Amino acid sequence: MLQAKTEYGNIMTLASYTREEISFLQKHTQFFCPACQEPVIVKAGSKMIPHFAHKSKSSCPVREGGEGPYHEKGKLLLYQWLKYQRLDVELEVYLPSINQRPDLLINLKHKKVAIEYQCARIPPADIIKRNEGYQREGIIPIWILGANQFDRRKSNEIGIDQFRLHFIHQFSVNFPLTLYFFCPDTLRLTSFQDLHFPVMQRAMGEITIRKLDEMVFTDLFTVSFAARENLFKRWKQKKRSFRTRPSRRMFGQELAWNHWLYANSAHRETLPSIIYLPVSAQFRMLTQPWDWQSRLCLEIIHPVAAGGTFSLQRCMHMLHRHIRSASLPLIQSEPNPVYQYLQLLIELKVINESAPDHFTKLKPIIFYDHIESALKGDALLMDQFLPP
Ligand SMILES: [Zn+2]
């Protein structure tokens, strides 16, 4: 932490003193944690932002989880950046009512915003708990991840594991899913927006990189959506690699899905083209998009004769184990991925919505004989989503 209390009760920020002053203070002043009142140690190595640390046996409720100099530096830079904009911002203010100490707290006219700069991995339960605390206090949390968590895989793709999944923001229903990253060394703040998950642990999105000194606080709320055309173009490639990727050793969920395919005399290479389409609410699913979409097609839609009907409720019931039961802490809406998928099938004129949440099948689902015809069929189907 960057601040501590002296024995006289003054709050001090070490980073605003020179090396000489700090070594003087270190010898002549005792410092205490403003939250737990335990004595804390001065850390002022040559390559770090001078800060305080709890002793190793501390049981402080807001004890820093070994975040280290990278985190301290980033936090201080974000603080200075907000201060420079004349915002009413507090550093490491302890909130006794919720027993939390956000890295930064901004007091706006009608609301408060907590900024957490998170570089170390913490258990999802902690993230959820802290967000609940902020919610109780009416504080809006913004979590900015350390750039060390920015796992870029391709120009517009990043890796998203269970930890990072919990930091996806959606401030309002029409706001795109957004992740923030900040690097204190390059001063770059990256927004990754409008996430679509082609596979469970990876998201495609729109990347905006800005230098911190060239942006203001409200720039955090600018939005960038993927053009629908680009999304479907990218997805067309994903579909192709889904069909053509060589079989490998399988385990877990993928193995279970393959057993299910086998039991249904189906094969990945000859599945209907309507399986594996992009839905923005994939983040709510616990299985791969092709997994739940194929079950929906083969177990519900395929057995229905053309002209026959089925309900959304039946689909949800069949897939209930595939849908995340708890919602993610920073996401405001709960779009239904199954309903979104059915909307795409409506667009393709495979079904229509004959009554609210009730669907009529319009034409049979086509299976392929071999991979070549499947690849051709996929390309034609994806082109139906693109402008002529
Ligand atoms: Zn403490």
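As the structure is a prediction and not an experimental result, all values here were calculated from the model.

## Here we look at the sheet that holds strand β15 (residues 309-311)
Taken in spatial order, the 3 strands make up an open sheet running β15-β17-β16, and their pairing is antiparallel. Of all strands in the sheet, those with a lone pairing partner are β15 and β16 (351-355), marking the two edges. Across the sheet, the mean angle from the axis of one strand to that of its neighbour is 35°, orientation sign disregarded. Bridge count for β15 against strand β17 (residues 358-361) is 3 bridges, and the pairing is antiparallel.

## Here's the deal with unusual backbone geometry
Within the chain, leucine 187 stands out as a residue other than glycine whose phi angle is a positive 65°. The residue leucine 187 is located in the loop between β12 (178-183) and β13 (188-199) in this model. We note that serine 265 has phi near 50°; this positive angle belongs to a residue other than glycine. Inspection of the secondary structure puts serine 265 in the loop between α6 (252-263) and α7 (289-301).

## Focus: helix α2 (residues 68-84)
Helix length check: α2, at 17 residues, gives a terminal C-alpha distance of 25 Å against a target of 24 Å (1.5 Å per residue), a fit within 8%. Within α2, the full set of buried residues consists of His71, Glu72, Gly74, Lys75, Leu76, Leu78, Tyr79, Trp81 and Leu82. Following α2 by one or two positions, arginine 86 has its phi on the positive side, about 65°.

## Digging into the nonpolar core
Grouped together as the largest cluster of nonpolar side chains are 42 residues, with contacts concentrated most on Ile274, Leu277, Val338, Tyr341, Leu342 and Leu345. Of all elements in the fold, only α5 (228-244), α6, α7, α8 (312-318), α9 (337-347) and α10 (371-383) reach the threshold of two or more residues within this core. Each residue touching tyrosine 341, except ones within four places of it in the same chain, is listed here: Ile274, Ile275, Leu277, Val279, Trp292, Gln293, Leu296 and Cys297. Core analysis: the next-biggest nonpolar cluster, separate from the first, contains 26 residues, Leu76, Trp81, Leu91 and Leu220 among them.

## Some points on the UniProt feature "domain: Competence protein CoiA C-terminal" (unreviewed entry) in the chain
Taken from the UniProt record, the annotation "domain: Competence protein CoiA C-terminal" (unreviewed entry) applies to residues 235-375. Structurally, residues 235-375 comprises 41% helix and 9% strand, and the distance from its first C-alpha atom to its last is 13 Å.

## Some details on the packing of α7 against α9
Remark: α7 packs on α9, axes separated minimally by 12 Å, with the N-to-C direction vectors making an angle of 65°. It follows that α7 is roughly perpendicular to α9 by the angle criterion. Helix-helix and strand crossings are classified by hand; for α7 and α9 the assignment is right-handed. Contacts between α7 and α9 involve Trp292, Gln293, Leu296, Cys297 and Ile301 on the former and, on the latter, Pro337, Val338, Tyr341, Leu342 and Leu345.

## Topic: the coordination of the zinc ion
For the zinc ion, every protein donor is listed as Cys33 (SG), Cys36 (SG), His54 (NE2) and Cys60 (SG), and the spread of their distances is 2.0 to 2.4 Å. Cysteine 60 sits in the buried class, given a relative accessible area of 8%.

Calculation notes
- Residues numbered from 1 in each chain as written.
- Predicted model: local features only at pLDDT ≥ 70, side-chain atom pairs only at ≥ 80, totals over all residues.
- Heavy atoms only, no water.
- Pairing = 2+ DSSP bridges.
- Helix = DSSP H or I, 4+ residues; strand = E, 2+ residues; numbered from the N terminus.
- Axes fitted to C-alpha atoms, helices over the stretch in contact; angles between N-to-C directions.
- Expected span 1.5 Å × (residues − 1).
- Buried < 20%, exposed > 50% of the residue type's maximum accessible area, 1.4 Å probe, protein only.
- Core = buried A, V, L, I, M, F, W, Y, C linked by side-chain atoms within 4.5 Å.
- Contact = heavy atoms within 4.5 Å.
- UniProt positions renumbered as here; feature names shortened; annotations may be inferred.
- Parallel < 35°, antiparallel > 145°, perpendicular 65-115°, else oblique.
- Left-handed = near helix turned anticlockwise from the far one by under 90°.
- Donors = N, O, S within 2.8 Å, 3.2 Å for Na, K, Ca; no water.

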